Amino acid sequence: MVKPAAVDYSVYLVTDSTPAILGDRDLCDVVEASLRGGVTIVQYRDKHGERDTVVQTARKLHEITRRHGVPLLINDRVDVAVEVGCEGVHIGQDDIEYSKAREMLGEGKIIGVSAGSIDEALRACAAGADYLGIGTVFATATKKDTKSIIGPQGVSTILSALAANGHGGIPTVCIGGVNASNTRQVMAQSVSPHKTLDGVAVVSAIVAAQDPAAAARDLLGKVVAAKVPD
Ligand code: TZP
Ligand code: MG
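None of the values given here were measured: they were computed from a predicted structure.

Conventions adopted
Residues numbered from 1 in each chain as written. Chains lettered and ligands numbered in written order. Predicted model: local features only at pLDDT ≥ 70, side-chain atom pairs only at ≥ 80, totals over all residues. Near = placed C-beta within 6 Å. Nonpolar A, V, L, I, M, F, W, Y, C, P; charged D, E, K, R; others polar. UniProt positions renumbered as here; feature names shortened; annotations may be inferred. Helix = DSSP H or I, 4+ residues; strand = E, 2+ residues; numbered from the N terminus. Axes fitted to C-alpha atoms, helices over the stretch in contact; angles between N-to-C directions. Parallel < 35°, antiparallel > 145°, perpendicular 65-115°, else oblique. Left-handed = near helix turned anticlockwise from the far one by under 90°. Contact = placed C-beta atoms within 7 Å. Buried ≥ 20, exposed ≤ 12 C-beta atoms within 10 Å, placed from the backbone.

Visitor: I'd like a rundown of the site of ligand 1, residues and numbers included.
Guide: Taken together, 15 residues lie around ligand 1, and Thr140, Thr142, Gly176, Val203 and Ser204 are the ones closest in. The residue makeup of the shell around ligand 1, split by class, is 6 nonpolar, 8 polar and 1 charged.

Visitor: Run through the UniProt feature "domain: Thiamine phosphate synthase/TenI" (unreviewed entry) in the protein, naming residues and quoting values.
Guide: In this numbering, the UniProt entry assigns the feature "domain: Thiamine phosphate synthase/TenI" (unreviewed entry) to residues 11–206. Counted over residues 11–206, helix gives 41% and strand 18%. Its end C-alpha atoms are 10 Å apart.

Visitor: Which residues make up the packing of helix 2 (residues 27–37) against helix 3 (residues 51–67), and what are the values?
Guide: Contact geometry of helix 2 with helix 3 gives a least axis separation of 10 Å together with a crossing angle of 20°. On the basis of the axis angle, helix 2 is roughly parallel to helix 3. When you trace helix 2 past helix 3, the crossing you get is right-handed. When helix 2 is examined against helix 3, the residues Leu27, Cys28, Val31, Glu32 and Leu35 are found in contact with a partner set consisting of Thr57, Lys60, Leu61, Ile64 and Thr65. For the contact of helix 2 with helix 3, the class distribution of residues is 6 nonpolar, 2 polar and 2 charged.

Visitor: Would you mind going over the environment of Asp94 in detail, with residue names and values included?
Guide: Mapping Asp94 onto the fold places it in the loop between strand 4 (88–91) and helix 5 (98–105). Among the residues examined, Asp94 registers 9 C-beta atoms within 10 Å and is labelled exposed. Here the alpha-carbon distance between Asp94 and Ser114, two residues 20 residues apart in the chain, equals 9.6 Å.

Rendered as structure tokens:
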């Protein structure tokens, strides 16, 4: 499959299947609802599931995201993405090397990389990352092993460094504690003179929401409004 020419990163849903966040709901139902609300890209993140179960769920999710014309990426588990044939993967700093992931996936797929510092961001760009997940912006109960909380100012600093080093074109989303209450602030304050965020990546703001479709719609409205120049 060809890499989607123009991926919309505005509202990037990262899934979490733990009871504390998903509750007793079905992950596929939540993802489907969020897509109805306007989620533009989905990352299936399951750190602990058995491989067979993860592949099975990834296939179901891919069927749903395809129906909505939205890319599905898999967190970390490149072999799963290859088997399912979805649009790509997201890898962290402590995961598989970018070059190895690219070798496994081939050129047509999306590889996103997490970056929490200027150095990490520039190295990911040099390696060939298709987009960056910048964070952790705010402390979050969803991921407790976050290395550093960089705040909107930290995001802005990284965006400036990207622009200054010729990487102004790489799509970026920010992640970590982002929700409907702070999306405007994050999108506005994270704007550096030459590079803006393309969207927000969220877990609990959608997965733990009473109404995931409404939550996604709300976030999309805020991101779209923030992207319109004053
Ligand atoms: N990476 C950095 S923070 C985070 C990940 C996967 C979790 C974000 O979760 P939430 O619920 O949107 O704060
Ligand atoms: Mg990872």
